[in-house]
Structures are given as C-alpha cells and as structure tokens.
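A look at the structure
Residues per chain, in single letters:
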Amino acid sequence: MRKKFSLIYFVTFTLLAVGLFPLLLTSWTLSDRSARELRAVEGRYQTQLVQDKARQIELFGQRYADLVGSYAKALELSNDFSLLSSQQTEEKLGATLKENPFLLALYIRPTGSESLSVFRAEQVKREEIETLANNLAPNLENRKLVFGQPQKVASSGELVQTIASPVVINNNLSAFVMAVVSLREISLIMSETRPASEDELWKAGLPIIFVVDEKGNAIFHPDAKIVAGQKSLLNLKIVQEWQESNRQIQSALVPFTADYEGIRHEMIGAYSTANFHNELKLGVIAMQDESKALASVGEMRRQTWVICLGFAMFALVVGFLLSRQMTHPLMKLSAAAEKIAEGDFSTRVDAKGISEIGTLGDAFNMMSDNVEEYIAKLARAAEENRELFVGTVKALAAAIDGKDKYTRGHSERVSRVSVAIGRRMGLEPEELETLRISALLHDVGKIAIDDSILKKPAALTNEEFEIMKTHPQRGYKIMSQIPAMKDFLPGMYMHHEMVNGQGYPQGLTDKDIPLQAKIVSVADTFDAMTIDRPYSKGMTLEDSLERIKSFVGTRYDGRVVQALVEACNEGKIGIGVVKLRADAQQNNRKLVSAREQLGNKAA
C-alpha cells in the first residue's frame, strides 16, 4: 500500500524551494561581508576606547601635578618657610587631603629644615613617606616635575604614585613638595570594566581592559588579584608591542594570538599611551577574543533564520488555505475536540460528509454524551461529599461545644463571625469557605481535655489553664492525620497566637501568623467576651469592641479588628447573631438552582 502524502506538505515544500533557499544563500553572503565590516568597526571602537582612557589617566596625573605645583609656586612666591610651622598651613594641607579622597599624603621638605606632612595614617606611614621622598629627592635638580614609578606601600598594600615639584628660590633648590596618590582612582576611570577573575574573562571571551607600567606590571586589571601581586603581563604579545613602541606610536590596533591554559585565542586588541610630562608612561590596553567580539554576526545569522522561519510560516499558511477544502471536516472535528478540552461538554459534531469522517464524528458525539453524563454524576457526588463533610464538621463542633452548656453554639458563632470579618476584608469565596470550616474546628482539640476542666464553673487554676492551652496541639495532632484537612489547620492550630509573640503554642509574631488564624482569634475572643459564663456576665457589644481594640498591636492584627468593628457598625455582626448579606444569599440560591438544573439534564 502506497504511503499517503499530505497536500499541505507538497504545497509548502514548493513554496520553500522557490522563495526560501535563494533568501538563505543571499543572507549568508551578506553576513560574511558584514562580519568584515564589523571587525573594522570593533577595531575602531577599541582604539577610541583606549585613547579616551589614556587621556583621562593623563588628566588624573595632571590634576595632582597641578596640585603639588601650586603649593611649590606658593612657597616660591612667599619665600618664607616659617609658614610651614603655622597651624593654618597644616589645616590647609589637611583640607586639601579631605577634598581629594585618593590623595594619601602631602609632604613638604625644606632644605636643611624639618619637613611637614599630612597623611592618611590608616593607609600610609610617616616612615614610608620619608622613604618615598628620599627616593625622589635626587631627581629634582633642574626639573620642574618628577613622577616616581608606581609602587606598593608595605603597611597597607596600597599601590601608589608619587609626584614631586621643586621649590626654586634664587636659582637654588630650597625645598620640594610631594604628593602620594592612590592608583585606585584609575579604577574609577575604568568604571565600565566589570570586576571579574582572569579565568572568567578568558573562558567567557569578555573584553579585557587593563593598564600596565613601563615594566609591563599591572596597574589596573578587572581581576584585583593581578594588581595586588603586580603581576607582569609581558607574556601577552600586545603588551610587548606597546613596550617596544610606546615612545614612537601613541596608539595602535593589533591583531594577535594568545594562549591561556593551553587554549589558543585569536584576539583583536588596541593600546594607547598615557604620558605624564614625559616623566612616566602607562599603557592602556584593550583586547577580546575575536569570535566573541564578532558575536553580532552570529546574531545576524540567527535573525536570518528567523526571517526564513517567517517565510516558512507563510508557506504553511498558503498551503493550509489551498488544501483547506479537503481537510475541512477534520478541522471541524478538531475544533469540537478543543471545546471539549475547554470544558464545553455540550459540543457536538456535524457528522455529514465523507463516510469515514462521518463515522468518526458519530463516535465523537457518543463519546461526548458519555463524558457529559459522567461529569454530571461527578458533580453531584462532589456536592454530596461536600455537604456530608460540612455536616460532619458541624456535628463534631456541636459535640465539643455541647460538653458545656455555656459554650453551646460557640464554634458555629465563631465561624459566622469569622466569615463576616473575612468578607469585610475582601476574601474570595473559596477562602471564606476554608475560613468557615477552620473556625468550626478551632476548638476540636478540647475533645481531649478532661471534662472536669472544661465544665469547671469557676476560673481555672494555673495548672488547669496550662492543660487547657494544649488544645491547639491536640486538635492539630488529630486533624493533621487527615490530608483533606490541610487547608483548615492554620486557624485551628494558631488561633491563640499573638502578634507580639506572647501567644501559644509556638509564640509566633505578626508576620508568621496566617491571616486565617488572626481572624479566628479575634472572632473567638469576641464570642467569649459577649456570652455569659458561670463566673462572669457577657460584655455589651460596645464594651467588647473597645476591649478588643485595646489589644491591637499586642494580641490582634489591626486590620482584622477594624473589619470586625465595621461589620458590627453595619449590623452584620451582633451579640450571638451574624447577619448574612442579601447578595450572598442570592448567590447561594443561584448556585443551588444551577446544580439542580445540571442534575436534571444529566438524568
């Protein structure tokens, strides 16, 4: 028997062959050309980036050079080194230190006299400043400005840069001013670079932007460990090229190959030189794995596939329209099946047409009849089970309340008050039903409390009260064995918890107490306050509400208490009475009517 071939496949294949394959070929050719263009653009971007960063680093150096130069010029103009011993001078230097968070020290040493320094003691020591100054002093003759090589301060591990300016009076070197600057400021200049380990950068193919000194040691790197150890980066070809040509070439774009942990990477990179008054040169270098840098080409090709997929979908639509007449009966059957899946069991299929399709339609209609009948039976059974369940719960609650004539009807009243509060708080019908059952069962644990305690006509002793306090755990232990009772447990188990954490059995605080338990707690207290006891008379409605409101924030949630007060003010709740809203009663009548109609139809 020959294998059947669907018409829609034939039409779709023809449309794809005519329109899709040429589009793929053209798009692939254009993407290759775009890759070459993108590589050139990426190179220009990297070159511009390192040039901009190099200029910013130069401005960083110039700012501190101007600072020490201004102090040197001021000393030259004053020609009075006695100023160094004045409190005002030291305060001025201290203010400059505060204004520049990366300035670690300012140091002034007159020839043959005691030096003056202000510094950040937690980052650099006086002895270290003196050592730095001694290293720079021999280089100050006949020079306007001196930049020391970047070096690490031993006490704090800080990488610093020293900048000094001589004070020349009557053609003699009379003093010099030195600033000690933290190179952490370069991290701010390179703020676009996200901190990451060297391993992450290489494996992910991320852009790597770093700064090296003339020896090739790291001044800035996304991996802080490399800077902390002043690791040499001369193993990178691009660093070698910068070191060899930085005095002749200001910036350049360099393709090169790099090995990392045995893996070879084809790289594109660029470097630029930050020149500090021809005294010091730093290299700003950017590099990235070429395949990652040109990732947008892959994205372009993915977009090409998306466009081709769009054309494929167009071919499918056209093929569907051309073959629709032949497949129309099956489409009707499919639509009917979807309605059944959505819950419309009254859907039937017109069985007219091709005999095979007609037979399938008849079978489908028979199946729908059976399913609808079974669903109706299940609905009736579910309603009967629900009514049996609720009746059982009410009987259990009545049995518990009936052990003491003063608590008869207590659970039912607490349930009604709880539902009235929950309705006032805007709970959904399903939540209200769960709240109702939970409130009915809130005292189920008292079934395990001795009658001598439950029926005691006087106030309980401390020992008896401690036994009475165990009824939430006992109720939880009884009901938690029944999986269907899971949703009702919070109100039953936690209705004696207080928002200040002083309740029982767990001592939970406000945020840990479920709303169900908070509502049952208030309703339970309200009913207990307003009914007569053998040892106390019930309170009036107004007094009970005032009493409950006094416990807001300690025992009860303010929102729940407010809902109780509003329900009482509207007449929904009274002493021993809870009025049902007219709309709720009407909705119940509609629900009963709908169930009866469904049962009659199934019958």
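Preceding this section is the structure that the text describes.
Residues numbered from 1 in each chain as written. Predicted model: local features only at pLDDT ≥ 70, side-chain atom pairs only at ≥ 80, totals over all residues. Heavy atoms only, no water.

1. Points about the sheet that holds strand S9 (residues 251–260)
Convention followed: When DSSP finds two or more bridges between a pair of strands, those strands are recorded as paired. Helix numbering and strand numbering both begin at the N terminus, where a helix is a DSSP run of H or I of at least 4 residues and a strand a DSSP run of E of at least 2. Axis lines are fitted to C-alpha atoms, over the contacting stretch for helices. Their N-to-C directions set the angle, which ranges from 0 to 180 degrees. By the convention used here, residues are in contact when the closest approach between their heavy atoms is within 4.5 Å.
With antiparallel pairing, the five strands of this open sheet are ordered in space as S8-S7-S11-S10-S9. Lying at the two open borders of the sheet, with one neighbouring strand each, are strand S8 (218–220) and S9. Between one strand axis and the next, the sheet turns by 35 degrees as a mean value, whatever way the strands run. Set on the sheet, helix H7 (residues 237–245) makes contact with strand S7 (208–212), S9, strand S10 (263–276) and strand S11 (280–289); between it and S10 the angle comes to about 30 degrees.

2. Details of the environment of Glu 542
Topologically, Glu 542 is positioned in helix H18 (residues 541–549). The sequence separation of Glu 542 and Asn 569 amounts to 27 residues, and the corresponding C-alpha distance is 9.9 Å.

3. Quick notes on the pattern of salt bridges
What counts here: Salt bridges are identified by distance alone: a Lys or Arg side-chain nitrogen within 4 Å of an Asp or Glu carboxyl oxygen.
What the rule picks out here adds up to 20 salt bridges. When the shortest N-O distance is used, the salt bridge between Arg 55 and Glu 58 registers 3.1 Å. Of this pair, Arg 55 and Glu 58 both sit in helix H1 (residues 7–78), three residues apart, which is roughly one turn of that helix. Within this structure, Asp 510, Lys 518, Asp 557 and Arg 559 form a network of salt bridges that share partners.

4. Focus on the packing of helix H11 (residues 410–424) against helix H19 (residues 558–569)
Keep this limit in mind: Roughly parallel refers to an angle under 35 degrees, roughly antiparallel to one over 145, roughly perpendicular to one between 65 and 115, and oblique to any angle outside these ranges. Under this grouping Gly is polar, as are all residues other than the nonpolar Ala, Val, Leu, Ile, Met, Phe, Trp, Tyr, Cys and Pro and the charged Asp, Glu, Lys and Arg.
It is at 9 Å that the axes of H11 and H19 come closest, and there the two elements cross at 100 degrees. Of the possible angle classes, the one that applies to H11 and H19 is roughly perpendicular. Residues Val 417, Ile 421 and Arg 424 of H11 form the contact with H19, whose participating residues are Val 560, Ala 563, Leu 564 and Glu 566. In terms of residue class, the contact of H11 with H19 is made up of five nonpolar, no polar and two charged.

5. Structural notes on the side chain of Ser 272
Mapped onto the fold, Ser 272 is located in strand S10. The contact partners of Ser 272, leaving out residues within four places of it in the chain, are Val 50, Gln 51, Ala 54, Arg 55, Trp 242, Gln 250, Ser 251, Leu 282, Gly 283 and Val 284.

6. Quick word on helix H17 (residues 515–530)
The following threshold applies: Helix span, expected: 1.5 Å multiplied by one less than the number of residues in the helix. Buried, partly exposed and exposed residues are distinguished by accessible area as a fraction of the type maximum, computed with a 1.4 Å probe on protein chains only: under 20%, between the cut-offs, and over 50%, respectively.
Spanning 16 residues, H17 covers 23 Å between terminal C-alpha atoms, matching the ideal 22 Å at 1.5 Å per step. Taking burial as the measure, the 16 residues of H17 include 14 buried ones, the bulk of the element.

7. Side note on the environment of His 496
Our working definition: Definition of a polar contact: a pair of N or O atoms within 3.5 Å, with one able to donate and the other able to accept a hydrogen when the atoms are protein atoms, and with sequence-neighbouring residues admitted only if both atoms are side-chain atoms.
Note that His 496 resides in the loop between helix H16 (489–494) and H17. Residues within four places of His 496 in sequence aside, it is in contact with His 471, Pro 472, Gly 503, Tyr 504 and Asp 524. A distance of 3.4 Å separates polar atoms of two side chains, one belonging to His 496 and the other to His 471.

The values reported here are purely geometric and, on their own, carry no functional implication.
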